Amino acid sequence: MDINVLKSCSCPLDATIAVIGGKYKLEIIYYLFDRTLRYSELAKLVKATPKMLAEQLKELERDGIINRVLYPVVPPKTEYSLTNLGNNLCNCVMEMYKFGVELYRINNVEQPCSHNDFTRLEKVLNNQ
């Protein structure tokens, strides 16, 4: 993370939001829990433009949240996974997920995520 940005933050919560506050960042982090995905796989899951997805991935890599591995093959193969620091966000994301489930429930709206997503997050938490 840019040390000047960190120094400009007013508190730890502000610093956290500075890292995960992009439009698609939490979604990217969420999909990378307990797995490694190629750029094309992430692009199918995250409904962002290619430019926006690339930008968000670069920022998450710069901030130490994700690893990026580029394989020297044609066509290029790039894989993304969470760093240890990125995996530390699992509890936070799980609580946000639960809050979202509650929002859908109290508003009588069917949630778009499957139960498999929740199960995957629980598995990551149990392995920490």
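Above this text is the structure in question.
Structural notes, computed from the coordinates. (Residues numbered from 1 in each chain as written. Predicted model: local features only at pLDDT ≥ 70, side-chain atom pairs only at ≥ 80, totals over all residues. Heavy atoms only, no water.)

Turning our attention to the pairing of strand β2 (residues 66-71). In this structure, β2 lies alongside strand β3 (residues 77-82), joined through six bridges in antiparallel fashion. Looking at the pairing, Val69 lines up with Glu79 of β3. (Pairing = 2+ DSSP bridges. Helix = DSSP H or I, 4+ residues; strand = E, 2+ residues; numbered from the N terminus.)

Turning our eyes to something else, we now look at the nonpolar core. Within the largest apolar cluster, 28 residues are counted, with the highest numbers of intra-cluster contacts made by Ile29 and Phe33. Taken together, the elements giving at least two residues each to this core come down to α2 (12-20), α3 (25-32), α5 (50-62), β3, α7 (90-106) and α8 (115-127). Per-element accounting of this core gives the leading share, five residues, to α3. (Core = buried A, V, L, I, M, F, W, Y, C linked by side-chain atoms within 4.5 Å. Buried < 20%, exposed > 50% of the residue type's maximum accessible area, 1.4 Å probe, protein only.)

With that settled, consider the pattern of salt bridges. Under the definition given, this model contains five salt bridges. With its nearest N and O atoms 2.6 Å apart, the salt bridge here joins Arg105 to Glu102. Highlighted residues: Arg105 and Glu102, both in helix α7, separated by three residues, approximately one helical turn. Since its relative accessible area comes to 53%, Arg105 is described here as exposed. Using a relative accessible area of 35% as the deciding quantity, one classes Glu102 as partly exposed. (Salt bridge = Lys/Arg side-chain N within 4 Å of Asp/Glu carboxyl O.)

It is worth spelling out the layout of surface pockets at this point. Unoccupied space between atoms shows up once a probe the size of one water molecule is rolled over them. In this structure, the largest pocket occupies an estimated 420 Å³ of space. When contributions to the lining of the largest pocket are tallied by element, the ones reaching two or more residues are α3 and α7. Per element, the largest residue contribution to the lining of the largest pocket is six residues, and it comes from α7. (1 Å grid on protein atoms, 1.4 Å probe; cavity = no way out; pocket = protein on both sides within 12 Å on 5 of 7 lines; lining within 4 Å. Points joined across faces, edges and corners; volume = space filled by probe spheres on them.)

On to the packing of α3 against α7, then. α7 packs onto α3 with a crossing angle of 110° between their chain directions and a minimal axis gap of 11 Å. As judged from the angle between their axes, α3 and α7 are roughly perpendicular. Across the interface between the two elements, Leu26, Ile29 and Tyr30 of α3 pack against Val93, Met96 and Tyr97 of α7. Broken down by class, the residue content of the contact of α3 with α7 amounts to six nonpolar, no polar and no charged. (Axes fitted to C-alpha atoms, helices over the stretch in contact; angles between N-to-C directions. Parallel < 35°, antiparallel > 145°, perpendicular 65-115°, else oblique. Contact = heavy atoms within 4.5 Å. Nonpolar A, V, L, I, M, F, W, Y, C, P; charged D, E, K, R; others polar.)

Under the definition given, this model contains two aromatic pairs. By the ring-pair criterion, three or more aromatic residues cluster together here, those being Tyr30, Tyr31 and Tyr97. Note that Lys77 overlies the ring of Tyr71, its terminal NZ or CZ placed 4.9 Å from the centroid. (Phe/Tyr/Trp six-rings, centres within 6.5 Å; stacked < 30°, edge-to-face > 60°. Lys NZ or Arg CZ within 6 Å of the ring centre and 35° of its normal.)

Of all six residues that make up β3, five are buried, and the element is covered over most of its length. Of the pairings in the sheet, the one linking strand β1 (residues 37-38) to β3 comprises two bridges and is antiparallel in character. Counted as the bridge partner of Leu37 is Tyr80 from β3. Linking β2 to β3, which pair antiparallel, is a turn of five residues.

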